[in-house]
Every structure is written in structure tokens, then in C-alpha cells.
Amino acid sequence: MHLLSSYSLWWIIPIFLVSGLISYLFYQKEAWLSTKSKQLRIILFSLRTLSLALIACLLLGLLFEQTQFDTEKPIVLTLIDRSSSMNNYKESPLIAKRIAAYQTKLQEKLGGRFELQTWDFGKNLQPPKQGFTDRQTNMELPFEQAANQFINRNLGAVVLISDGNYNVGGHPMYSAENLPLTAVYSLAVGDTALKKDLIVANTAYNDLVFLNNNFTIEIDLEAQRLGSKTIRTDLYEDGKKIASQSSELPSQRSSQLTLQFELKAKKPGIHEYKIVVEKIAGEFTYQNNTRTVYIEVIDSRSKILLYSHAPHPDIAALQQALAGNENYEVLVKYSNDLRSIPVHTLDLVIWHDPGKGFSSEFLESLQTKKIPIWTILGTQTDQQIASKLQLGLQLDLRQQLEEIQASPNPGFALYQPDQEWLSLAPNLPPLTKRFGEARASAGTQVLLTQRVGNLQKNSPLLTFNERNQQRHACLLGEGLWRWRMVSFLKKQDHRAFDAFVGEICAYLLVKKEGSGLRVQAPKKLTSSDNCILNASFYNEAMQAITSPKISWELDFEHKKLRKGNFSTKGEFYQQQLGKLKAGRYYWKASTTHNQKKYVKTGAFIVEDIDLEQLESAARHSTLLQLADQTDAKVFALQDYNRLIDRLEKNDDLVAIRTESHQFDPLLDFLLLLLLLSALLVAEWFLRRYNGSY
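A quick note: this is a predicted structure, and the numbers were derived from the prediction, not measured. (Residues numbered from 1 in each chain as written. Predicted model: local features only at pLDDT ≥ 70, side-chain atom pairs only at ≥ 80, totals over all residues. Heavy atoms only, no water.)

Draft legend 1. Geometry of the sheet that holds strand S27 (residues 530–538). What the four strands build is an open sheet, ordered S25-S27-S31-S30; its pairing is antiparallel. Since the sheet does not close on itself, it has two edges, and those belong to strand S25 (516–520) and strand S30 (567–569), each with one partner. Along the sheet, successive strands turn relative to each other by an average axial angle of 30 degrees, direction set aside. Relative to strand S31 (residues 572–579), S27 is paired through six bridges, and the arrangement is antiparallel. Bridge pairing links Ile532 to Gln576 in S31. (Pairing = 2+ DSSP bridges. Helix = DSSP H or I, 4+ residues; strand = E, 2+ residues; numbered from the N terminus. Axes fitted to C-alpha atoms, helices over the stretch in contact; angles between N-to-C directions.)

Draft legend 2. Structural context of the sheet that holds strand S10 (residues 214–224). Taken together, three strands build an open sheet; the order of strands is S8-S10-S13 and the sheet is antiparallel. Whereas interior strands pair on both sides, the edge strands pair on one side only; in this sheet they are strand S8 (197–204) and strand S13 (254–264). When the angles between neighbouring strand axes are averaged without regard to direction, this sheet yields 25 degrees. Where S10 meets S13, eleven bridges bridge the pair, whose relative direction is antiparallel. Opposite Asp220, over in S13, you have Thr258 as the bridge partner.

Draft legend 3. Quick peek at the pairing of strand S11 (residues 230–237). Sheet topology note: the S11/strand S12 (residues 240–248) ladder contains eight bridges and is antiparallel. What sits directly across from Tyr236, in S12, is Lys241. Here S11 folds back onto S12, and the loop between the two strands holds two residues, one of which, Asp238, carries a positive phi near 50 degrees. Of the strand pairs in this sheet, S11 and strand S14 (residues 269–277) are connected by five bridges, and their pairing is antiparallel. Counted as the bridge partner of Leu235 is Ile275 from S14.

Draft legend 4. Structural view of the environment of Ser308. With respect to the helices and strands, Ser308 occurs in strand S16 (residues 302–308). For the pair Ser308 and Val332, spaced 24 residues apart in sequence, the C-alpha separation works out to 8.4 Å. Not counting residues within four places of it along the chain, the set of residues in contact with Ser308 comprises Ile315, Lys333, Tyr334, Ser335 and His352. (Contact = heavy atoms within 4.5 Å.)

Draft legend 5. The packing of aromatic side chains, seen in detail. Taken as a whole, this structure holds 17 aromatic pairs when the rule is applied. Ring centres of Phe537 and Tyr598 lie 5.1 Å apart, and the angle between their planes is 85 degrees; this geometry places the pair in the edge-to-face category. In this pair, Phe537 is assigned in strand S27 and Tyr598 in strand S33 (residues 596–607), connecting sequence segments 61 residues apart. For Phe537, a relative accessible area of 0% corresponds to the buried category. Pairwise contacts between aromatic rings join Tyr307, Trp351, Phe358 and Phe362 into one cluster. Over the ring of Tyr507 we find Arg471; its NZ or CZ atom is 4.2 Å from the centre of that ring. When the ring centre of Tyr166 is taken as reference, the NZ or CZ atom of Arg619 above it lies at 5.0 Å. (Phe/Tyr/Trp six-rings, centres within 6.5 Å; stacked < 30°, edge-to-face > 60°. Buried < 20%, exposed > 50% of the residue type's maximum accessible area, 1.4 Å probe, protein only. Lys NZ or Arg CZ within 6 Å of the ring centre and 35° of its normal.)

Draft legend 6. Broad picture of the nonpolar core. Judged by nonpolar contacts, the single largest core of 63 residues is most densely connected at Ile350, Trp374, Phe464, Trp483, Phe500 and Cys505. With nine residues, helix H11 (residues 495–509) is the single largest residue contributor to this core. In contact with Trp483, not counting residues within four places along its chain, are Ala406, Trp421, Leu428, Pro429, Leu431, Leu448, Phe497 and Phe500. Counting 28 residues, the second largest nonpolar core, distinct from the first, contains Ile95, Val159, Val189 and Ala627. (Core = buried A, V, L, I, M, F, W, Y, C linked by side-chain atoms within 4.5 Å.)

Structural data, given as C-alpha cells:
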């Protein structure tokens, strides 16, 4: 602890001397003091000197520095794989006991020297649990989280307990690179030797096909330690056998075979196709000999126009996002093609930066035919053009440009946005827009709001509105191509961005139903997803009301029927159905209003994809790559004592002593204020007591 100042502390000596001189000259002129005792004169002189000196010292801007030392123990993080593939080995019944013994021994030997933490993971990070039940493994995720959570922390080592199999996310070695000074040890589980097994390893198909079109289901079979055999593969449609193929397996230890079934879509609706491969005696498991897929046959598609003045990266990003949806026929046109655009055949127009090459005739034709428009306001769209577009916004656009990031609006209620996309949105790069304020008009729903750095604005970024039975969406900025690139870098696929674009188009493409009952239901989900039905009811004035009681029915493959009533949620209805087992579901919603009955029906599919059962052998190569990359080592789970001894003897795992400094101005010390007040009051009191002023 010591004092700091921008001036030399030697100034304190002349300050006291000058303060003493001033006090001496002051009291030398006090005639009444000559009749008083010498002791009183000394006390008054001292009080005046000290108070003046203290005030002068405070004016020097003195700082009081305190130094504090903290010690941070090295952290050992244990990651436990809770996926169901951990149950696929002879040692599986002993795994839980061995992990418990490892944790106990680790606490006994290293608990005093290290900070010990344990994370469980499967598809996601999860609270500590027992058993191995997760049906997917994302081994990349815990390393990503560790890199974020332990940044600038003393993370000494990571211990991964796993069989090395993962089926969601990328290879963990890339995320582990973000822990450059941390060794990644592994306690390996399972046997790497291939077991006798025949596996339906993969299926490739389009989940949407059009009526009377031909389509293909491609099947990849994997054979392990079966030798040369003839196997039969059967294909069932809705429980009825429609095709069969016989194949000859090569006489190799491990081999692969690809089969193709050519089919024709004969009937609209959702159809179940079950692939069944002949069981062979002695297989490790028969669970991976079958695979069920669902294909929806539709008899129409929507035509979407991507229109801009000239080629732009945003148009390419949108085209790629929509290309994978066979419900859509996507056209790309530019202003020189305007006369050739068949407006009457369009179902949706995505108009990019309409301010450049703006056509009033084109806009009027879209409004006349009530074709939905998604407008993307680029840097060329000024205030005058924007006011003609009927966007449901109050805009004040200037010539300058600015960059804006996105934040999800939790109050958005038109549809249920993709949660994976919403989690990505705040971390996406900014869009470029014209500088200016924006406010949503009455009836406009806001999905994304604007954010500048850490400053959250109330201005909308992505909005929806409906006017004269024509739906509109508006994005106040260009640069969607960057969103697509960054979402791929973070997720290793384009699914999140494609879902974001697809949801907007799906909402805009919904035909105007007028008043009455509307229901939004999923088309496809997995058995690990929560199923949610959303509904709304509009009266004759097109106002959303919740007075009618809406009932629902859910029929599972015409075998099991569930019934209930929707719960109200604000101005809308919602029903949480939870997680459903695999199969086809048919739903029905009905209500009565003003003595008129309204009914909506539909169907969706739930897929059961158990990726963990596709692996009959452990993949210790994953663990070895992590260890080699970080100069660590892989041990068998039962050899956990060797790992603990290695950690105990590792001289690189040491506590870090950090030094911190705190600077407090003396002016902030209440004690000094009280001391100064006491000096001044004491001098005043003695002067008054002895008859002076």
C-alpha cells in the first residue's frame, strides 16, 4: 500500500511549512490570544496548520494504491459422453461404476491441488445425470463451450470419457484448437474391433416429390466380418411390400454396397417407406437392419421470383436457400427482363433494393393481383421510393449508410421461428442500410430489431404486415449473403439460414383465408423434438379473437386418438404435444362461431433416427487425434489410476498467482473528510469557548 500522485510527494514538506507559516501569521495578529495560555496557542496553531495542510494535500490528487494477490488453482475438466452408443460393448455394464470410481479417486488425490469440474454431454450439454441414453453425440460442443467459458482461466487439462463416436457437429479437434495450452486426455471406452454386423448405414432420398413423378431411394449397406453372402433387401410402402433386391456381398472383412429403388409417386400424401435387410445369424444387433423414411407427395408447387436491378450476392444466397425446397420453383430476373416476367403466374416476389431501376407499373401489377412481396431495402432505396412500397413502416432515410446487427424480438407471434436460427442471429455480421430512423406502424409484426454493437434499439429490422389482403415482409438492409456464410462457419451446414428464409416464404405464401380458423402445424420433425400446434381465429372484421373454444384431435396412424382443447396465448392459441414417437400423425382442429362450424385438418411425420445404433465399434482414432494434437495421451477407462498419476506428476499444472491493483482517490475516503471536519470544528469551538470569533 502506498500513495501515488501526478505531482512529486516532496511537495508535502513545503505544504506543511507554508501551512505553518500562514497559521503563525494569522494567530500573531490575534490580540486576545496574548492573554491566554501558551498551551492553547500551540493547540490552535496546530489545528489550523493541519487543516490547511490536509486540504492542500487533497488538492494534489493523491491516490491510495492497494495491491492484492490471488491464487487460481489449475482446472481439470472431465467430459462424460452420455450417448447410448456407450452401451454397445461388453464392458458397458461396468462403465458407470468405473466413472464413479475415477471421480472419487480424482477428488481424493487431486481435490486439494486442482479445481475439478465435470460436464455431461450428448446432443447438448446437460446437467449431471446417470446412464447413457442420448440418441445423438455432439463431441464438438463441449470443447466450444470450454473455450468460451474458460477464456483467460487456468484450464490445465481436459479428460474426455467416450468411445470416440460422434454423429452431430464436426470433429472435436478443430474446437480443441481454441484451447491451445490445454492437454486433452481421454479415458477410452469400448472395443475398436469390428463385430459381425449388417447395417443400413445411410439412405438418400427427397422427402418431397411431386405427383406422378419418378423418384429414387438410395440405400448404403455396410457389412462387417460377414464374408461372401447373398442378402435380400425389401422395401415396404405403407406396410405393403412393393420391391425386393438380392445382392452379393464381397468376401472382404469390411465392405459397402449401394442399392437403388426406382419408384413413382402415385398418390398425394405422406407415405412411409420401410427398408428391411435380411437378418443374418450371429449379427451384433438387428436394430440397424431396418430404416424407415417418410416421403410427402404433393401435386403443386409455388413460383417465387427473385428480382433485382442487377446480380447481387444476396440474390445468390436466397436462390441457394430456396433451391433445396421442391415445393418452390425459383426464377431469377433483372430489370432488363422486366417485360418478360409473367406476373400472373407468380406466387411470391422477393424484391431486392427496389430503389434502383424502380418500376411503378411492376409494383401496381403486384398490388392488383395481391401477390405477396418480400422487400429488401438496399443502399439505393431512398425515402421517396420506400414510401410507395406500403411496407407498414414509418421511415426517415438519409444519404449516409450505417451497419446494423440483428436481435430477435421475443414478442413475435405470427409463426414459431427456427430456434437454432434465433440463437445465431445476435452473432451474425451487420447488414448495410441507409442511415435513419424506422418505426413499425399499427398492425406490423417485428421479428428482428436493430442493434448497434451493445446498444439495443427499438427500431425494426425485419417486419411483416398485411394490407388489402396482400402480405408484405421487409428487411431494412442488404448483406444476407454474409449471414449465410457465417451460419455455415458456425454450424457446418446451411440448415439454419435456409430455415430462416424458408419460414418467411412459407408465411408469405399462405393464401389469404379471410376470417375463420387457421392452424400452423409442423410437416416433419424427429422423435427428440417437441411438437407444437399453433392456431388463430379471426372474426369478420379480421381481428384475432380467443373467445371461441378450439378443440384438437391427434390420430397416430389411425390407431390411437388423443383429444383436447387449445390453450390461449395472448391473441392466439397453442397446444404443446411434447415429444412423439415415430410415425404418421393426422390432426384435426375444429370450432364453432356464430353458429358456423370451422374445421382444419392436416398431417405430419415424426422420424426416429437412432444414429447411435449405426456404430458397433468404438472410434478411438478420434481420441488419439485429440491427444496427439495437445501432447497428451489416451488411457483405457479401467486404467484411470495411470491418468491420475500423470496429472499429479505433471509439473506444468501449477497454480497461477495474479496481482491486481486498486487505486482510490483520497478524496473518496470518508475518514479523511471526518478528520478534516473534526479539525475545523475543534478550532472553531476553542476559539468560541475562549471568547473569540
